[in-house]
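Chain by chain, the residues:
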Amino acid sequence: MANVVVVGAQWGDEGKGKIVDWLSERADVIARFQGGHNAGHTLVIDGKVYKLSLLPSGVVRGKMSVIGNGVVLDPWALLSEIERLGGQGVHVSPETLMIAENTPLILPVHGELDRARENQNSVAKIGTTGRGIGPAYEDKVGRRTVRVADLADEPTLDLRLDRLLTHHNALRAGLGLEAVDRAALKAALMEVAPKILPYAKPVWKVMHDARRAGKRILFEGAQGSLLDIDFGTYPFVTSSNTLAGMAATGTGLGPTAIDFVLGIVKAYTTRVGEGPFPSELFDEDGVRLGERGHEFGTVTGRKRRCGWFDAVLVRQTCATSGVSGIALTKLDVLDGFKTLKICVGYDLDGQRLDYLPTAANLQARVTPIYEEMEGWSESTAGARSWADLPGAAIKYVRRIEELIQCPVALLSTSPERDDTILVTDPFAD
Ligand code: IMP
């Protein structure tokens, strides 16, 4: 059986929710492997809108859903999401949701630290979601985090809190924050523990058994490849590896289990938060992309920055994630543009580059080299076959494939799941 990893191939918000839902109907297990409740996945099923941040999309369809160890988990955010979904008629229970026992927790101290740092004027803002993602990952790597399994044993929890708070209280003093109320934090954790522990499982084993039993596994990436901690536009990135390779270490299943990597790619480019964005538009075209594409963040409601399609970046992320095929989304947002531009290279002081350099000062200085293409006046919204698309739109898609050196596996033409043109089935054996 084929196992599929879905990753965003730009800066996130590529429309992963719909594609993951579309694939999850045929998957047996759906696993999140990185990120936390900074993600915002919107699913539209039979006209009903579901917004997920932390839960794998499979929960909406009652599929076995897994939160892997690569995720950072805010237990209170998880419970409120479960409750909110319950209000929409989606029942989440330990029958359908598993959380890896070795998943690190996001605690209130992490959110406070994240926001305190973002509010400082002395250093440039990252533009985080303020959810404590970065500080939680720092504590994981710093070997002082509280993990899900620690909630089951009070003496272990005490040891973890001692180590964690020694570090945080020193840091907080420097930032002018009050020391953490240890007793209140411990009490809150003891209170939440019995609600979280029923979901805790050795996920690596469950995944291994599922694979041996021939189940189809869908790995659901969050954020996008350009926000990757190693390969993104550092430091304007998230704090996890968002590339497809993380699906393996983020769940405990080895890389040989991955058969297909689907990169989700928007037909233009957007970004939330700070950082370099070579093809960003500051003119009417940019405003138009934002309005037609409803480009506002699902989690923070922030306006997304918009720009032309950047083939250089997507070629790069297809390489770093080993993308087998892309799902191209939101093509209909480009309907009605007289001409379209695609970034095909960068100019750096008169020198042409075919990749984004690593150094931050160079990333900020490159300027896009554009190729112009004819637009189309017809509507592509809701197209379900190539024959429904105008010639100029087909040309645009074909040119993208050529430039990014990766084929289109799916084309999504509206938020509705059936408005999809399937070229290659990622789950095909
Ligand atoms: P953090 O993940 O909250 O630390 O934020 C770091 C950067 O990643 C910021 O630029 C955020 O706007 C961005 N980011 C985090 N999650 C998402 C997402 O789901 N979509 C798009 N951008 C995101």
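Residues numbered from 1 in each chain as written. Predicted model: local features only at pLDDT ≥ 70, side-chain atom pairs only at ≥ 80, totals over all residues. Heavy atoms only, no water.

Looking at an unreviewed UniProt entry, one finds the protein chain named Adenylosuccinate synthetase, with Neogemmobacter tilapiae as its source organism. If you open the UniProt record of the protein chain and go to Function (unreviewed entry), you find "Plays an important role in the de novo pathway of purine nucleotide biosynthesis. Catalyzes the first committed step in the biosynthesis of AMP from IMP." The Catalytic activity (unreviewed entry) comment attached to the protein chain in UniProt states, word for word, "IMP + L-aspartate + GTP = N(6)-(1,2-dicarboxyethyl)-AMP + GDP + phosphate + 2 H(+)". (UniProt positions renumbered as here; feature names shortened; annotations may be inferred.)

So, about the pattern of salt bridges. If the charged atoms of two oppositely charged side chains come close together, the side chains can form a pair. By the definition in use, this model includes 26 salt bridges. Note that E25 is salt-bridged to R417, the shortest N-O span being 3.0 Å. Taken together, the positions of E25 in the loop between α1 (16–24) and β2 (29–32) and R417 in the loop between β17 (408–412) and β18 (420–422) put the pair 392 residues apart, joining distant regions of the chain. When salt bridges with common partners are traced through the structure, they connect D13, K266, E295, R304 and K330 into a single cluster. (Salt bridge = Lys/Arg side-chain N within 4 Å of Asp/Glu carboxyl O. Helix = DSSP H or I, 4+ residues; strand = E, 2+ residues; numbered from the N terminus.)

Around the ligand lies a shell of 16 residues, among which N38, G127, T129, T238 and R302 are the nearest. For the ligand, a nitrogen atom lies 3.2 Å from a polar atom in the side chain of D13. A distance of 3.0 Å is found between an oxygen atom of the ligand and a side-chain nitrogen or oxygen belonging to R302. Considering only residue class, the shell around the ligand consists of 6 nonpolar, 8 polar and 2 charged. (Near = heavy atom within 4 Å. Polar contact = N/O pair within 3.5 Å; in protein donor to acceptor, adjacent residues only side chain to side chain. Nonpolar A, V, L, I, M, F, W, Y, C, P; charged D, E, K, R; others polar.)

Working definition: the strands of a sheet are paired by backbone hydrogen bonds and lie parallel or antiparallel to each other. Spatially, β7-β6-β5-β2-β8-β1-β9-β13-β17-β18 is the arrangement adopted by the 10 strands of the open sheet, whose pairing is mixed. Pairing within the sheet leaves two strands with one partner each, and these edge strands are β7 (200–201) and β18. Of the strand pairs in this sheet, β17 and β18 are connected by 3 bridges, and their pairing is antiparallel. Across the sheet, the residue bridging to L410 is L422, located in β18. (Pairing = 2+ DSSP bridges.)

The next point concerns the pairing of β2. Because side chains alternate across β2, one face comprises the buried residues V29 and A31, and the other comprises I30 and R32, equally buried. Bridging between β2 and strand β5 (residues 64–67) involves 4 bridges; their strand directions are parallel. Counterpart to I30 in the pairing with β5 is S65. Pairing analysis gives 4 bridges linking β2 to strand β8 (residues 217–220), with the strands arranged parallel. Looking at the pairing, R32 lines up with E220 of β8. (Buried < 20%, exposed > 50% of the residue type's maximum accessible area, 1.4 Å probe, protein only.)

Glancing now at the environment of F231. By secondary structure assignment, the location of F231 is in the loop between β8 and α8 (246–249). Linking F231 and T320, residues 89 residues apart in sequence, is a C-alpha distance of 7.9 Å. For F231, the residues in contact, after removing those within four places along its chain, are S225, L243 and T320. (Contact = heavy atoms within 4.5 Å.)

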